[in-house]
Amino acid sequence: MSLSRAKARKRQRMYMIGAVLLAVAGAAALLLTAFEDSVVFFFSPTEIVEKSPIDPDQRLRIGGLVVEGSVAKMADGQTIAFVVTDMAQSVPVSFRGILPDLFREGQGVVAEGHMSNDGTFVASEVLAKHDENYMPPEVAESLKKSGYWEEIEAKNAEQMRN
């Protein structure tokens, strides 16, 4: 009788351990699913062009320099269109809202949003760089490869002297 009672306790313990492991696995799955929904990937314009087409539902960030002469206000008066480049590739961006004070042509920018089916990046948020040294690492690497990085450093050194 005590042998069967010991087996019953052992079986009950195994069921309890199994239930706890199942609960932990379920919690981990829910956590990973929630985390996946909040992840926003960063891409340079070259990576955007290479990975096209990108799912329009995927939120992402794009960073680079605003192309000189590309900023234009659309007919509705609220949408601003501009082009972001890493000096290798360029991506058109559309933004509806108020741009940050530091936003300028030729300056670094990071925009968050999604790609539309026509290849335009539709930004929901635009962040301008906050000083002359800030640049997303991926964009800085692309600018160094193109040789444009030296021009930026020379321009910054000249501004520091003046």
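Here the structure is shown first, and the text comes after it.
Because the structure is a prediction, the values reported are computed rather than measured.

The rules behind each value
Residues numbered from 1 in each chain as written. Predicted model: local features only at pLDDT ≥ 70, side-chain atom pairs only at ≥ 80, totals over all residues. Heavy atoms only, no water. Helix = DSSP H or I, 4+ residues; strand = E, 2+ residues; numbered from the N terminus. Buried < 20%, exposed > 50% of the residue type's maximum accessible area, 1.4 Å probe, protein only. Contact = heavy atoms within 4.5 Å. Phe/Tyr/Trp six-rings, centres within 6.5 Å; stacked < 30°, edge-to-face > 60°. Core = buried A, V, L, I, M, F, W, Y, C linked by side-chain atoms within 4.5 Å. Pairing = 2+ DSSP bridges. Patch = residues over 30% accessible without salt bridge, like charges linked within 9 Å, V, L, I, M, F, W, Y side chains within 5 Å. Areas by Shrake-Rupley, 256 points an atom, 1.4 Å probe, with all protein chains shown as cover. Salt bridge = Lys/Arg side-chain N within 4 Å of Asp/Glu carboxyl O. Lys, Arg positive; Asp, Glu negative; His and termini not counted. Charge placed at Lys NZ, Arg CZ, Asp CG, Glu CD.

> Would you explain the overall build of the protein in this entry?
The number of helices and strands found in the protein is four helices and seven strands. Ordered by position from the N terminus, the helices and strands of the protein form the series α-β-α-β-β-β-β-β-β-α-α. A buried classification covers 30% of the 162 residues belonging to the protein. Contacts in the protein between residues far apart in sequence, at least 24 positions, make up 51% of those at least 6 positions apart.

> Would you explain the packing of aromatic side chains in this entry?
The way to describe two aromatic rings as a pair is by their centre distance and the angle between their planes. One pass over the structure, following the stated rule, counts one aromatic pair. Ring centres 5.0 Å apart and planes at 65° place the aromatic pair F82 and F103 in the edge-to-face group. Of this pair, F82 sits in strand β4 (residues 79-85) while F103 sits in the loop between β5 (90-96) and β6 (108-115), and the two are 21 residues apart along the sequence. For the pair formed by F82 and F103, the shared burial category is buried.

> What is the right way to read the nonpolar core from this model?
If you look at soluble globular proteins, the nonpolar side chains tend to sit buried side by side. Core analysis: the largest hydrophobic core is formed by 21 residues, its most contacted members being I48, F82, F103, F121, A123 and V126. Looking at this core, the elements that each hand over two or more residues are β2 (60-66), β4, β5, β6 and β7 (121-128). Residue contributions to this core peak at four residues, all from β7. Beyond its immediate sequence surroundings of up to four residues, F82 is in contact with V66, S70, V71, V91, P92, V93, F95, F103 and V126.

> How should the pairing of β6 be read in this particular structure?
Regular strands place their side chains on alternate faces of the sheet. Of all eight residues making up β6, seven are buried, and the element is well covered by its neighbours. With six bridges connecting them, β2 and β6 associate as antiparallel partners. Counted as the bridge partner of L60 is G113 from β6. In this structure, β6 lies alongside β7, joined through seven bridges in antiparallel fashion. Opposite E112, over in β7, you have E125 as the bridge partner. Connecting β6 to the next strand, β7, in antiparallel fashion are five residues, including G119 with a positive phi near 90°.

> Looking at this model, I keep getting lost on the pairing of β5. Mind explaining?
Residues V91, V93 and F95 of β5 are buried on one face, while the alternating residues S90, P92, S94 and R96, pointing to the opposite face, are not. Bridging between β4 and β5 involves seven bridges; their strand directions are antiparallel. Bridge pairing in β5 places A81 opposite S94. Taking the residues between adjacent antiparallel strands as the criterion, β4 and β5 are bridged by four residues, where M87 takes a positive phi near 75°. With three bridges joining them, β5 and β7 adopt parallel strand pairing. If you follow S94 over to β7, its bridge partner there is V122.

> Would you mind showing me how to read a positive patch on the surface here?
Taken together, the side chains of R5, R9, K10 and R13 define a basic patch exposed on the protein surface. Relative to the elements of secondary structure, R9 occurs in helix α1 (residues 2-38).

> For this particular structure, what's the right way to read unusual backbone geometry?
Residues apart from glycine generally show negative phi values, whereas peptide bonds are mostly found in trans. Phi is positive for M87, which is not a glycine, with a value near 75°. If you trace the backbone, M87 turns up in the loop between β4 and β5.

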